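Residue strings, one per chain:
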Amino acid sequence: MPVRTAVIVAAGVGTRFLPVSKSVPKEMLPLVDRPVIQYAVEQAAEAGIERVVLVTSRGKTAMEDYFDLAPDLERTLRERASPKLEAVERVSRMAEITAVRQREPLGLGHAVLTAKSAVGGEPFIVYLPDEILLGEPSVTRQMLDAYERLGNAVGVVEVPWDDVPRYGVVEGEARSPRETLLTRCVEKPPRREAPSNLAIVGPYVFSPAIFDCLESITAGAIGELQLTDGIDLLAQREPVHAYRFEGERFDAGTPLGLLQTSVELALRHPDYADAMRVWLRGLAERIA
Ligand code: UTP
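I will try to describe carefully the structure that is included in this document. The model shown is predicted, which means the values in this text are computed figures rather than measured ones. (Residues numbered from 1 in each chain as written. Predicted model: local features only at pLDDT ≥ 70, side-chain atom pairs only at ≥ 80, totals over all residues. Heavy atoms only, no water.)

Look at helix α8 (residues 209-216) against helix α9 (residues 227-237): their axes get within 8 Å of each other, and the N-to-C directions meet at 120°. On the basis of their axis angle, the class for α8 and α9 is oblique. For the crossing formed where α8 meets α9, the hand is right-handed. Every residue of α9 that contacts α8 at Ala209, Ile210, Asp212, Cys213, Leu214 and Ser216 is listed here: Leu227, Gly230, Ile231, Leu233, Leu234 and Arg237. Partitioned by chemical class, the residues of the contact of α8 with α9 number eight nonpolar, two polar and two charged. (Axes fitted to C-alpha atoms, helices over the stretch in contact; angles between N-to-C directions. Helix = DSSP H or I, 4+ residues; strand = E, 2+ residues; numbered from the N terminus. Parallel < 35°, antiparallel > 145°, perpendicular 65-115°, else oblique. Left-handed = near helix turned anticlockwise from the far one by under 90°. Contact = heavy atoms within 4.5 Å. Nonpolar A, V, L, I, M, F, W, Y, C, P; charged D, E, K, R; others polar.)

Here it is, written out as structure tokens:
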């Protein structure tokens, strides 16, 4: 069955962006010329995904508004022959966007489970919107292809061993340089106990069986339903592969990461790359 649906989990509190995230969802912060969340939606739409389910929470309606039609604005831009019209129109027509509410921040696993009835009994792809993943073919395309070949697929990157304690990492049997049959996920292990340095960053492509697994597990120590616990159970029922996709990964989930990702993306943007390069060279000389 082809994957038609994407779930973007965006209901988190965004503690690291406080106080900004008190009233602006961190997913709406700009990365060059569009909000962070748009990168995932665009990549999904380009790969043929038709429906996007946003998992949101109180105070984060700016995301739904952003992807809604804006007839008055579009009329005004058309009357003024504004060059921004196309970008504005594109945002609301990329995919069919719906939103579901996670009423309490009960964890990533709970956020995915909140999308159950919106997804239906179909396979789907899950994005962590802070993760900006660039590849050719796109990371989404690579993950969908992995799902077609292998079934459930979890996007991983190799991280330096010192960084391993910050991630959920994968234990399993390598099946090829990019594919590992997953036996277990270990959440934020101390470096010595880490089974690998393959960190889970998504996207994830799951069969609908993940929902039963998430319903069967119980909340962990801090009262959150962990997606990694759901994946462990899924791996006992169906094959789950960790797929080390080819491409670059930027983490826009912290203020410093957002800044660095902005610079990296600006250097790849046709409208800004030249000016950025000139400015960065001057800056490097000034701070050298
Ligand atoms: P994070 O661990 O990055 O949490 O969640 P956060 O709230 O976004 O940010 P910090 O850590 O407080 O600064 C990973 C992803 O899971 C989503 C988040 O929105 C983010 O995309 N999430 C997490 C939910 O949707 N619901 C939750 O209950 C927890």
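The full count for this structure, using the stated rule, is 24 salt bridges. Taking the shortest distance from any N to any O, the salt bridge between Asp145 and Arg141 comes out at 3.3 Å. One end of the pair is Asp145 and the other is Arg141, both in helix α7 (residues 139-150) and four residues apart, which spans about a single turn. Its relative accessible area of 33% is what places Asp145 among the partly exposed residues. A residue is classified by how much of its surface remains accessible, and Arg141, at 28% relative accessible area, is partly exposed. Residues Arg277 and Asp274 are paired through a salt bridge, measuring 3.9 Å at the closest nitrogen-oxygen approach. Of this pair, Arg277 and Asp274 both sit in helix α11 (residues 273-287), three residues apart, roughly one helical turn. In this structure, a network of salt bridges that share partners links the residues Asp33, Arg34, Glu42 and Arg90. (Salt bridge = Lys/Arg side-chain N within 4 Å of Asp/Glu carboxyl O. Buried < 20%, exposed > 50% of the residue type's maximum accessible area, 1.4 Å probe, protein only.)

As a structural note, the neighbourhood of the ligand is formed by 18 residues, with Val9, Thr15, Lys26, Gln102 and Gly107 the closest of them. Within the backbone of Val9, a nitrogen or oxygen atom sits 2.8 Å from an oxygen atom of the ligand. Gly14 has a polar backbone atom sitting 2.9 Å from an oxygen atom of the ligand. Protein coverage of the free-state accessible area of the ligand, which is 560 Å², stands at 79%. Here the ligand is seated within the largest pocket. A class-by-class count of the residues in the shell around the ligand yields nine nonpolar, five polar and four charged. (Near = heavy atom within 4 Å. Polar contact = N/O pair within 3.5 Å; in protein donor to acceptor, adjacent residues only side chain to side chain. Areas by Shrake-Rupley, 256 points an atom, 1.4 Å probe, with all protein chains shown as cover. 1 Å grid on protein atoms, 1.4 Å probe; cavity = no way out; pocket = protein on both sides within 12 Å on 5 of 7 lines; lining within 4 Å. Sits in = over half its atoms within 2 Å of the grid points.)

As for its position among the elements, Glu74 is in helix α3 (residues 71-79). If we skip the residues at most four places from it in the chain, Glu74 touches Leu85, Val88, Glu89, Ser92 and Arg93.

Right, let's get into the layout of surface pockets. Roughly 1200 Å³ of internal volume is contained in the largest pocket. Along its surface, the largest pocket is lined by 37 residues, and Arg16, Leu108, Leu128, Asp130 and Lys188 are the ones closest to its centre. Those elements that provide at least two residues to the lining of the largest pocket are α5 (108-114), β11 (198-206), α9 and β13 (248-251). (Points joined across faces, edges and corners; volume = space filled by probe spheres on them.)

Applying the stated rule across the entire model yields four aromatic pairs. For the pair Tyr204 and Phe206, a centre-to-centre distance of 5.5 Å together with 25° between the ring planes defines the contact as stacked. Note on Tyr204: relative accessible area 4%, which makes it buried. Members of the aromatic cluster, joined through ring pairs, are Phe124, Tyr204, Phe206 and Phe211. Positioned over the ring face of Tyr39 is Arg34, at 5.6 Å from the centre of the ring. (Phe/Tyr/Trp six-rings, centres within 6.5 Å; stacked < 30°, edge-to-face > 60°. Lys NZ or Arg CZ within 6 Å of the ring centre and 35° of its normal.)

Let us now look at the state of the cysteines. This structure, assessed with the given rule, holds zero disulfides. Between Cys185, a free cysteine, and Cys213, which holds the nearest cysteine sulfur, the sulfur-to-sulfur gap is 12 Å. (Disulfide = S-S within 2.5 Å.)

Moving on to the side chain of Asn197. Mapped onto the secondary structure, Asn197 falls in the loop between β10 (179-187) and β11. Exposure remark for Asn197: the relative accessible area of 12% places this residue in the buried category.

Take the nonpolar core next. In a soluble, globular protein the nonpolar side chains are often hidden away together inside. In this structure, Ile8, Ile125 and Phe245 are the most contacted members of the largest nonpolar core, which totals 40 residues. When residues of this core are traced back to their parent elements, those giving at least two are β1 (5-9), α1 (36-46), β4 (51-56), α2 (62-67), β6 (124-127), α7, β8 (152-158) and β11. If one sorts the elements of this core by residue count, α7 sits on top with six residues. Ignoring sequence-local partners within four residues, the contact set of Ile8 consists of Ile37, Ala40, Val41, Val52, Val53, Leu54, Val55, Tyr127 and Pro129. Grouped together as the second largest cluster of nonpolar side chains are 35 residues, Val126, Ile200, Ile217 and Ile231 included. (Core = buried A, V, L, I, M, F, W, Y, C linked by side-chain atoms within 4.5 Å.)

None of the figures reported here should be taken as evidence of function without further support.
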